[in-house]
Amino acid sequence: PIVFGPDLIRSRTGRAALVIARTTSTFLCSSLVTHRTGPSITMQTMRAPVAQGAATRVAGRRVFRPVAATKVSTAVTTDVSKRTVPTALEEGEMPLNTYSNKAPFKAKIRSVETITGPKATGETCHIIVETAGKIPFWEGQSYGVIPPGTKINSKGKEVPHGTRLYSIASSRYGDDFDGNTASLCVRRAVYVDPETGKEDPAKKGICSNFLCDAAPGTEITMTGPTGKVLLLPADVNAPLICVATGTGIAPFRSFWRRCFMENVPNYKFTGLFWLFMGVANSDAKLYDEELQALAKAYPSQFRLDYALSREQKNRKGGKMYIQDKVEEYSDEIFDLLDNGAHMYFCGLKGMMPGIQEMLERVAKSKGLNYEEWVEGLKHRNQWHVEVY
């Protein structure tokens, strides 16, 4: 085994697996992220290259100090030029429930990459799944994942684990733009005992930990695709206002890749794409380098606003939550919606009460009846909510 620092990271040869020691949900390793792909493990720096060093001994053990490495990421690209894609995936009706619990699809994990920094409030992974194009989907849909193993149900019977739904984080063409993969954005679910401050492995999320710990080649049982709520509108000129918290960014990654990074002959997006992203701090941002590249390449079409609750203050001096950031642009957003914009919400269901209260307050200040205003948006299919 190779040890990076005192008991921080160990590579177990032969499994291409990774073990990371953590306290609660924060990595002890403060300068490294993991990128597991193929039969080997690549260690990469988060920001600046690590100073080159050599093997030394710590507490009687041989310790390897990491040398400078070039960051390589499959989750993020700063090349936002349009790619050629196999247009056969544009044909036919929208796929829906092609595979079920009784007749699931078997795929394989290609890679798992941690995409949050050391000071994030939890670990989020970008996971590429090899599908060979046999479980097609449309942007905004979800896959079901059935974790391995069984559980005891309320009747005392041993049964398979239930299906967990994950919004698909790639366009229908996948991260390679060839239609043979799909991507998931998964936050590792852990439970920290409030008294001891330690994680309780018995209460960890079964499926999220299975996915985040998966080695390349691991078989994954899938269902779906499902979902008709978050689909892109047929009008390519309609503004898209996307509001996300955490891994709720997943479907919007599929949107921006289709809108800006793929050369689809029958789909030429000409509208405004406006993303509001809410996370705790800068280390919890997801796909930020790619988003910044898009903002630079399409300054008149792509807008990006963050709500960093632990780093920013709202107008009243409190924490900046997602509803506070949206409210800063409420006049513009209401005008866009009046002119045919579509507004999407995705993330934890706890995001919606604050957003709805804010929108109701703004609507009232404009002399609008909030309930009637929202019903009008729903009737015109401009209002899209998928929370969990």
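Residues numbered from 1 in each chain as written. Predicted model: local features only at pLDDT ≥ 70, side-chain atom pairs only at ≥ 80, totals over all residues. Heavy atoms only, no water.

An unreviewed UniProt entry annotates the protein chain as ferredoxin--NADP(+) reductase originating from Volvox reticuliferus. According to the UniProt record, the Catalytic activity (unreviewed entry) comment for the protein chain is "2 reduced [2Fe-2S]-[ferredoxin] + NADP(+) + H(+) = 2 oxidized [2Fe-2S]-[ferredoxin] + NADPH". Heading Sequence similarities (unreviewed entry) of the UniProt record for the protein chain holds this comment: "Belongs to the ferredoxin--NADP reductase type 1 family." (UniProt positions renumbered as here; feature names shortened; annotations may be inferred.)

K.L.:
Would you mind going over the pattern of salt bridges with me for this structure?
P.N.:
Pairing is possible between side chains of opposite charge, provided their charged atoms come close. Within the structure shown, the criterion is met by 18 salt bridges. When the shortest N-O distance is used, the salt bridge between Asp-175 and Arg-257 registers 3.7 Å. Here Asp-175, found in the loop between strand E16 (164-167) and strand E17 (181-187), pairs with Arg-257, found in helix H2 (residues 250-260); they are 82 residues apart in sequence, far enough to count as distant. In this structure, Lys-325 engages Glu-328 in a salt bridge whose closest nitrogen and oxygen atoms are separated by 3.3 Å. One end of the pair is Lys-325 and the other is Glu-328, both in helix H4 (residues 322-328) and 3 residues apart, which spans about a single turn. Judged by relative accessible area, which is 11%, Lys-325 ranks as buried. Taken together, the salt bridges that share partners define one network made up of Glu-90, Glu-139, Arg-172 and Arg-258. (Salt bridge = Lys/Arg side-chain N within 4 Å of Asp/Glu carboxyl O. Helix = DSSP H or I, 4+ residues; strand = E, 2+ residues; numbered from the N terminus. Buried < 20%, exposed > 50% of the residue type's maximum accessible area, 1.4 Å probe, protein only.)

K.L.:
Explanation requested: the packing of H2 against helix H3 (residues 288-297) in the structure shown.
P.N.:
For any two helices packed against each other, the geometry comes down to the angle between their axes and how far apart the axes lie. Interaxial distance between H2 and H3 falls to 12 Å at its minimum, and their mutual angle equals 35 degrees. The way H2 lies across H3 gives a crossing that is left-handed. Taken together, the residues of H3 that come into contact with H2 (itself represented by Arg-253, Trp-256, Arg-257 and Phe-260) are Glu-290, Leu-291 and Leu-294. Classifying every residue of the contact of H2 with H3 gives 4 nonpolar, no polar and 3 charged. (Axes fitted to C-alpha atoms, helices over the stretch in contact; angles between N-to-C directions. Left-handed = near helix turned anticlockwise from the far one by under 90°. Contact = heavy atoms within 4.5 Å. Nonpolar A, V, L, I, M, F, W, Y, C, P; charged D, E, K, R; others polar.)

K.L.:
Help me out: how do you make sense of H3 in this one?
P.N.:
An α-helical turn contains 3.6 residues, so any two residues separated by three or four positions project in the same direction. Every buried residue belonging to H3 is among Asp-288, Glu-290, Leu-291, Ala-293 and Leu-294, and all of these are buried. Taken together, the buried residues of H3 touch H2, strand E21 (273-279) and strand E22 (302-308).

K.L.:
In this structure, what is going on with the side chain of Glu-386? I would like to understand it.
P.N.:
By secondary structure assignment, the location of Glu-386 is in strand E24 (residues 383-387). The buried charged residue Glu-386 lacks any salt bridge partner; its closest oppositely charged side chain belongs to Lys-228, at an N-O distance of 11 Å. If near-sequence neighbours (up to four positions away) are discounted, Glu-386 is found in contact with Ser-142, Ser-167, Val-229, Leu-230, Phe-345, Cys-346 and Gly-347. (Lys, Arg positive; Asp, Glu negative; His and termini not counted.)

K.L.:
Looking at this structure, how should I read the packing of aromatic side chains?
P.N.:
Aromatic ring pairs are defined here through the distance separating the ring centres and the angle between the ring planes. Applying the stated criterion to the full structure yields 18 aromatic pairs. Taken together, a centroid distance of 5.2 Å and an interplanar angle of 75 degrees make the contact between Phe-255 and Tyr-344 edge-to-face. With Phe-255 in helix H2 and Tyr-344 in strand E23 (residues 342-347), this residue pair connects regions lying 89 residues apart in the sequence. Relative accessible area serves as the criterion here: at 0%, Tyr-344 is assigned to the buried category. Between the aromatic rings of Phe-260 and Tyr-298, the centroid separation amounts to 4.7 Å while the plane-to-plane angle is 45 degrees, which identifies the pairing as tilted. On the criterion of sequence distance, the pair formed by Phe-260 in helix H2 and Tyr-298 in the loop between H3 and E22 is long-range, its members being 38 residues apart. Overall, the relative accessible area of 1% leaves Phe-260 in the buried class. An aromatic cluster of at least three residues, connected via ring pairs, comprises Phe-260, Phe-269, Phe-273, Tyr-298 and Phe-302. (Phe/Tyr/Trp six-rings, centres within 6.5 Å; stacked < 30°, edge-to-face > 60°.)

K.L.:
Is there a simple way to think about the layout of surface pockets in this case?
P.N.:
Take a probe with the size of a water molecule and roll it over the atoms, and the empty space left behind shows itself. By volume, the largest pocket is sized at about 1000 Å³. Lining of the largest pocket is provided by 41 residues; of these, Thr-245, Gly-246, Thr-247, Leu-348 and Tyr-388 occupy positions nearest its centre. (1 Å grid on protein atoms, 1.4 Å probe; cavity = no way out; pocket = protein on both sides within 12 Å on 5 of 7 lines; lining within 4 Å. Points joined across faces, edges and corners; volume = space filled by probe spheres on them.)

K.L.:
I tried to follow helix H5 (residues 330-338) on my own but got confused; where do I start?
P.N.:
Of the positions making up H5, those classed as buried are Ser-330, Ile-333, Phe-334, Leu-336 and Leu-337. Projected down its long axis, H5 shows its buried positions confined to an angular sector of 160 degrees, all on one face. Seen from the open side of H5, the exposed residues pointing more than 90 degrees away from its buried face are Asp-331 and Asp-338. Turning to H5, the residues buried within the fold contact strand E19 (240-245), E21, H4, E23, helix H6 (351-365) and helix H7 (370-379). Following H5 by one or two positions, Gly-340 has its phi on the positive side, about 100 degrees. (Arc of directions from axis to C-beta.)

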